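# Working through the structure, step by step
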Amino acid sequence: LYVKGFVKCNEPHKTNYNSVYYYKRIVRHFESNDQMKGAIFVTVRTNSTRLPQKSLIELIPGLTTIEYLIGRLKNTCIPRKIVLCTTDNSDDDILVEIADRCHIDYFRGDDTDKLDRWLRAAEKFQIDFFVTADGDDLFCEPDLIDLAFKQFQRNKVDFIHAPGIICGAFTY
């Protein structure tokens, strides 16, 4: 489940950031800290082009998809900080309210550059290693997240990639 160093995702991304630049900044941030602190970053925004406000769809009355995902993430055996990483757009104020209601932290940043959001959230909360879960990963598996944290503690790898795992069960 892990690899040493950086592995490029096989799936093409539609963002315009320089991923190598941000990767190097994130690694430098992690290497500058002696005590390692982990977190789960939930990347979500309401202005998706394919299905706007999908994170606010009610699965059952009174429970949105993002609240369901946050509940699943709280089921990890290894307690970690959960940070909802959203945008500065006023449309995403509702996500901040949900984060507060679910008693998790949040970070607001650039609308189109989630690597920058991750970097700045890691700096703000002094996070050394994180696992990401996209806001629409409803089947994100807490056991795989625990395994990722255990492998990081054991092997101190830069990037964990999970080939062969169903998309949405584990991200990175």
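Look up a bit, the structure's there.
Keep in mind the model is a prediction, meaning the values are calculated, not measured.

## Focus on the overall build of the protein chain
The helix and strand inventory of the protein chain stands at five helices and six strands. The linear arrangement of helices and strands in the protein chain, starting from the amino end, is α-β-β-β-α-β-α-β-α-β-α. Here the protein chain holds 172 residues, and the buried ones make up 47% of them. Long-range contacts, defined here as pairs at least 24 residues apart, represent 67% of the contacts in the protein chain between residues at least 6 apart. Looking at the protein chain as shown, the accessible area adds up to about 9600 Å², and 51% of this sits on carbon and sulfur atoms.

## Notes on unusual backbone geometry
For Gln53, which is not a glycine, the phi torsion comes out positive at approximately 60°. Positionally, Gln53 belongs in the loop between β1 (38-43) and β2 (58-60). Given the relative accessible area of 46%, Gln53 is considered partly exposed. With a phi close to 55°, Gln126 is a non-glycine residue in the positive phi region. The topology assignment puts Gln126 in the loop between α4 (114-125) and β6 (129-134).

## Details of the sheet that holds strand β4 (residues 81-87)
Ordered by their spatial adjacency, four strands build an open sheet running β5-β4-β1-β6, and the pairing between neighbours is parallel. If you trace the sheet from one side to the other, it starts and ends with β5 (105-109) and β6, each paired once. If you compare each strand with its neighbour and ignore which way they point, the axes differ by 30° on average. Both β1 and β4 contribute to a ladder of five bridges, which runs parallel. Bridge assignment links Phe41 to a residue of β4, and that residue is Val83.

## What about the pairing of β4?
Taking burial as the measure, the seven residues of β4 include six buried ones, the bulk of the element. Handedness of the crossover joining β4 and β5 through helix α3 (residues 93-101): right-handed.

## Let's talk about the pattern of salt bridges
Across all of its chains, the model carries eight salt bridges by this definition. Arg101 is paired through a salt bridge with Glu67; the nearest N and O atoms lie 2.9 Å apart. Of this pair, Arg101 sits in helix α3 while Glu67 sits in helix α2 (residues 65-73), and the two are 34 residues apart along the sequence. With a relative accessible area of 49%, Arg101 lands in the partly exposed category. On the basis of relative accessible area, Glu67 is assigned to the buried category, the value being 12%. Residues Asp93 and Arg108 are paired through a salt bridge, measuring 2.8 Å at the closest nitrogen-oxygen approach. Of this pair, Asp93 sits in helix α3 while Arg108 is found in strand β5, placing the two residues 15 residues apart along the sequence. Classification of Asp93 by relative accessible area gives partly exposed; the value is 33%. Taking the relative accessible area as the measure of exposure, Arg108 reaches 22% and is therefore partly exposed.

Thresholds applied
- Residues numbered from 1 in each chain as written.
- Predicted model: local features only at pLDDT ≥ 70, side-chain atom pairs only at ≥ 80, totals over all residues.
- Heavy atoms only, no water.
- Helix = DSSP H or I, 4+ residues; strand = E, 2+ residues; numbered from the N terminus.
- Buried < 20%, exposed > 50% of the residue type's maximum accessible area, 1.4 Å probe, protein only.
- Contact = heavy atoms within 4.5 Å.
- Areas by Shrake-Rupley, 256 points an atom, 1.4 Å probe, with all protein chains shown as cover.
- Pairing = 2+ DSSP bridges.
- Axes fitted to C-alpha atoms, helices over the stretch in contact; angles between N-to-C directions.
- Right-handed = clockwise from strand over helix to strand, strands pointing away.
- Salt bridge = Lys/Arg side-chain N within 4 Å of Asp/Glu carboxyl O.

So, to be careful, I would describe these as geometric facts and stop short of saying anything about function.
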